[in-house]
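Examining the three-dimensional arrangement
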Amino acid sequence: MDRAIAIQVSHLTKTFDGHTAVSDLSFEVYSGEVFGLLGPNGAGKSTTLRTLITLLTPTSGTASVLGHDTVREADVVRQLIGYVPQERAIDRFLTGREHLELLGALYHLPKAEATKRIAELLKLVELEEPADRPAKTYSGGMKRKLDIACGLLPDPKILFLDEPTLGLDVQSRLRIWDYMRMLKARGMTIVMTTNYLDEADQLCDRLAIIDKGVIKALGSPTELKIGLGGDIVSLTLKDQTKIPTLVTALTGQPAMRAVKATPTGLDIRVDSPEKALPAILESANRLDCRLEFIEYHRPRLDDVFIAHTGRSMTESVQDIQTG
Ligand SMILES: Nc1ncnc2c1ncn2[C@@H]1O[C@H](COP(=O)(O)OP(=O)(O)OP(=O)(O)O)[C@@H](O)[C@H]1O
Ligand SMILES: [Mg+2]
């Protein structure tokens, strides 16, 4: 199927003082899809997004939005897009409505049109009732809804959202997912970053898995999972000092596609669990590796991430938090 291309990124590299934040990224975003950049902290998601919205200039490579180069035609690009940053400064004194009015003035929207659009947007994100309260009194979820209304104010063709639900409670996340689905249904193209696997899985038509500034895999969540081939058997061992022994014994056995140690046991990718499970149990018995728990599942996005980066998304997040 031929699909219209909304965004074209070609060999994009961005370095900050000699440090490469993203390296040689190439991908396209199709019109009308939700496209995600999924990766752990520091992967280069915001840098990529900020380059697309013309806030950063590429060190090398190019990006175009609806056919307009983000450097040479930055002014045109800015008129076509809306942006919801990872963190927006909410003014202590302004109300929700005043935030939108200020932004409307920045966009040079005629007053009457701005008033009408602001009323519509406040309704859309369910902030009509608290609209005239200072925004500093809003909850995290309400602030995020205000951010989204701000991003939608210019009536963009493409909406960019950086970590739309970071730190929100479950209810607020679900509401924001609903808005994004509704905007997509209205024909909007959406580009988002996230470090939540479930968010990428639920919302994105296609996604790029990005790690250390490099795209490791790209496709629909289903394609990426199928692309792994096989299912996952996860073992938890009673005695974790036996993990390397069992990894060695299973690696290379015909029923095992890939064997990887985890903090508590092993993750084994298998073509056919009927063949693999007896072989796994046999090896474990023979080597006196007592199993505490066996779990078997179809590939999840985390498995895709592990297969392409050698570690788990959740481990990567912990790495950052603890060290
Ligand atoms: N303005 C800047 N100056 C210097 N280094 C920067 C700048 N912006 C980003 N970086 C670096 O570039 C790398 C990628 O950062 P980026 O913010 O794009 O990651 P991210 O994937 O959005 O992470 P997070 O999930 O934490 O938001 C990091 O090493 C970061 O320190
Ligand atoms: Mg970021």
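As the structure is a computational prediction, the values presented were derived from the model and not from experiment.

**Comments concerning the overall build of the protein**
Of regular secondary structure, the protein possesses twelve helices and 14 strands. Seen through its principal axes, the protein has C-alpha atoms that stretch 80 × 40 × 40 Å. Within the span of the protein, comprising 323 residues, buried residues form 39% of the whole. Taking all contacts inside the protein whose residues are at least 6 apart in sequence as the whole, residues at least 24 apart take part in 68%.

**Concerning the nonpolar core**
Core analysis: the largest hydrophobic core is formed by 64 residues, its most contacted members being Ala-149, Phe-160, Ile-190 and Val-191. Sequence-distant contacts of Ala-149, that is, excluding residues within four places in its chain, are made with Leu-100, Leu-121, Leu-122, Val-125 and Leu-127. In terms of nonpolar packing, the next biggest core, distinct from the first, is built from 16 residues, Ile-232, Leu-246, Val-259 and Ala-284 among them.

**Brief notes about the packing of helix α5 (residues 140-152) against helix α6 (residues 170-185)**
The description of two packed helices rests on the angle between their axes and on the distance between the axes. One way to put it is that α5 packs onto α6 with a least axis distance of 10 Å and a crossing angle of 15°. In terms of axis orientation, α5 runs roughly parallel to α6. Pair α5 / α6 crosses with right-handed handedness. Mapping the contact onto sequence places Gly-140, Gly-141, Arg-144 and Ile-148 in α5 and Ser-172, Ile-176 and Tyr-179 in α6.

**Describing the packing of helix α3 (residues 96-106) against helix α4 (residues 111-124)**
Closest axis-to-axis distance for the α3/α4 pair is 10 Å, and the angle between their directions is 135°. What the angle tells us is that α3 and α4 run oblique. Note that α3 runs across α4; the crossing there is right-handed. Listed contacts from α4 to Gly-96, Arg-97, Leu-100, Glu-101 and Gly-104 of α3 are Ala-114, Ile-118, Leu-121 and Leu-122. A breakdown of the residues in the contact of α3 with α4 according to their chemical character gives five nonpolar, two polar and two charged.

**Overview of the confidence of the model for the protein**
The predicted coordinates of low-pLDDT regions are not to be read in fine detail. Mean pLDDT over the protein works out to 92, with 97% of the residues at or above the 70 mark. Predicted confidence is poor over residues 318-323, with pLDDT under 50, and the contacts of this stretch with residues over four places away or in other chains come to one contact.

**Looking at the sheet that holds strand β4 (residues 60-65)**
Ordered in space as β2-β1-β4-β5, the four strands form an open sheet in which the pairing is antiparallel. Since the sheet does not close on itself, it has two edges, and those belong to β2 (19-30) and β5 (68-69), each with one partner. Of the pairings in the sheet, the one linking strand β1 (residues 5-16) to β4 comprises five bridges and is antiparallel in character. Bridging from a neighbouring strand, Ile-7 pairs with Val-65 of β4.

**With respect to the site of ligand 1**
Looking at ligand 1, there are 13 residues lining it, with Phe-16, Ala-21, Lys-45, Ser-46 and Thr-47 nearest. Listing elements by their share of the shell around ligand 1, those giving two or more residues are β2 and α1 (45-52). Across the shell around ligand 1, the residue classes break down as three nonpolar, nine polar and one charged.

**Here's the deal with the environment of Glu-126**
With respect to the helices, strands and loops of the structure, Glu-126 is situated in the loop between α4 and α5. The partly exposed category is assigned to Glu-126, around which 13 C-beta atoms lie within 10 Å. C-alpha separation for the pair Glu-126 and Arg-175, spaced 49 residues apart in sequence, amounts to 9.8 Å.

**Remarks on the environment of Arg-3**
In this structure, Arg-3 sits in the segment before β1. The class of Arg-3 is exposed, set by 11 C-beta atoms lying within 10 Å. Put simply, Arg-3 and Ser-31 are 28 residues apart on the chain and 7.3 Å apart in space, counted from C-alpha to C-alpha. With near-sequence residues (within four places) excluded, Arg-3 lies in contact with Tyr-30 and Ser-31.

**Here's the deal with the sheet that holds strand β13 (residues 265-270)**
A sheet is described by the order of its strands in space; here four strands give the open sequence β12-β13-β11-β14, paired in antiparallel fashion. Edge strands, defined here as strands with exactly one partner in the open sheet, are β12 (256-261) and β14 (291-297). Taking each pair of neighbouring strands and ignoring which way they run, the sheet shows an average axis angle of 15°. Pairing geometry for β12 and β13, over five bridges, is antiparallel. Counterpart to Val-259 in the pairing with β13 is Ile-268. Set on the sheet, helix α10 (residues 273-286) makes contact with β11 (231-237), β12, β13 and β14; between it and β11 the angle comes to about 20°.

**What to know about the pairing of β13**
Most of β13 sits inside the fold, with five of its six residues counted as buried. With antiparallel pairing between neighbouring strands as the criterion, β12 and β13 make up a hairpin whose turn holds three residues.

So, how was this worked out
Residues numbered from 1 in each chain as written. Chains lettered and ligands numbered in written order. Predicted model: local features only at pLDDT ≥ 70, side-chain atom pairs only at ≥ 80, totals over all residues. Helix = DSSP H or I, 4+ residues; strand = E, 2+ residues; numbered from the N terminus. Buried ≥ 20, exposed ≤ 12 C-beta atoms within 10 Å, placed from the backbone. Contact = placed C-beta atoms within 7 Å. Core = buried A, V, L, I, M, F, W, Y, C linked by C-beta atoms within 7 Å. Axes fitted to C-alpha atoms, helices over the stretch in contact; angles between N-to-C directions. Parallel < 35°, antiparallel > 145°, perpendicular 65-115°, else oblique. Left-handed = near helix turned anticlockwise from the far one by under 90°. Nonpolar A, V, L, I, M, F, W, Y, C, P; charged D, E, K, R; others polar. pLDDT = per-residue confidence, 0-100. Pairing = 2+ DSSP bridges. Near = placed C-beta within 6 Å.

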